[in-house]
Amino acid sequence: VGWAAVAPGPHDRRAAVGAAARDGGALLALAAAMRAASLGLDLVGSRSALPAWSKVTAGAVTTLLALGYPLLGRRPCAND
């Protein structure tokens, strides 16, 4: 967001900062969701009597889901 204010490019500062803030908000929401998922896994899986393979599978699935967004990126929508 700060870089958009310093060097807005072809847009005016207000539009550049607004666009950067929307992208930053989406990343913040993703980080909060990942944090909540990790807390849930930790609370449920750490002390449970589940077998080790189920804990490892849950960890692997959530890791793949967490890496899926940054690696695949978001698809542009019609409004972009």
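Residues numbered from 1 in each chain as written. Predicted model: local features only at pLDDT ≥ 70, side-chain atom pairs only at ≥ 80, totals over all residues. Heavy atoms only, no water.

Caption draft 1: Focus on the overall build of the protein. Regarding its fold elements, the protein presents three helices and zero strands. The linear arrangement of helices and strands in the protein, starting from the amino end, is α-α-α. A buried classification covers 8% of the 80 residues belonging to the protein. Total accessible area on the protein stands at roughly 6600 Å², and carbon and sulfur atoms take up 68% of it. (Helix = DSSP H or I, 4+ residues; strand = E, 2+ residues; numbered from the N terminus. Buried < 20%, exposed > 50% of the residue type's maximum accessible area, 1.4 Å probe, protein only. Areas by Shrake-Rupley, 256 points an atom, 1.4 Å probe, with all protein chains shown as cover.)

Caption draft 2: Inspection of a nonpolar patch on the surface at higher detail. A cluster of nonpolar residues, Leu39, Leu43 and Val44, forms a patch on the protein surface that exposes about 320 Å² of accessible area. Looking at the secondary structure, you find valine 44 in helix α2 (residues 13-45). Given the relative accessible area of 55%, valine 44 is considered exposed. (Patch = residues over 30% accessible without salt bridge, like charges linked within 9 Å, V, L, I, M, F, W, Y side chains within 5 Å. Salt bridge = Lys/Arg side-chain N within 4 Å of Asp/Glu carboxyl O.)

Caption draft 3: Representation of the side chain of serine 54. Along the chain, serine 54 falls in helix α3 (residues 52-72). Look at serine 54 and you get buried, because its relative accessible area is 18%. From its side chain, serine 54 meets the backbone oxygen of proline 51 in a polar contact 2.7 Å long. (Polar contact = N/O pair within 3.5 Å; in protein donor to acceptor, adjacent residues only side chain to side chain.)

Caption draft 4: Quick peek at the confidence of the model for the protein. Considering every residue of the protein, the mean pLDDT works out to 76; 85% of them sit at 70 or more. By mean pLDDT, helix α1 (residues 2-6) is the weakest element of the protein at 75, and α2 is the strongest at 80. (pLDDT = per-residue confidence, 0-100.)

Caption draft 5: Representation of the environment of alanine 5. Residue placement: alanine 5 occurs in helix α1. Taking the C-alpha atoms as reference points, alanine 5 and glycine 18, separated by 13 residues in sequence, lie 9.6 Å from one another.

Caption draft 6: Molecular detail of the environment of aspartate 42. Locating aspartate 42 in the fold gives a position in helix α2. Judged by relative accessible area, which is 46%, aspartate 42 ranks as partly exposed. Taking the C-alpha atoms as reference points, aspartate 42 and lysine 55, 13 residues apart in sequence, are found 9.9 Å from one another.

Caption draft 7: The environment of alanine 31, seen in detail. Considering the arrangement of structural elements, one finds alanine 31 in helix α2. Given a relative accessible area of 42%, alanine 31 falls into the partly exposed group. Each C-alpha atom, one on alanine 31 and one on alanine 66, is 9.2 Å from the other, the two residues being 35 residues apart in sequence.

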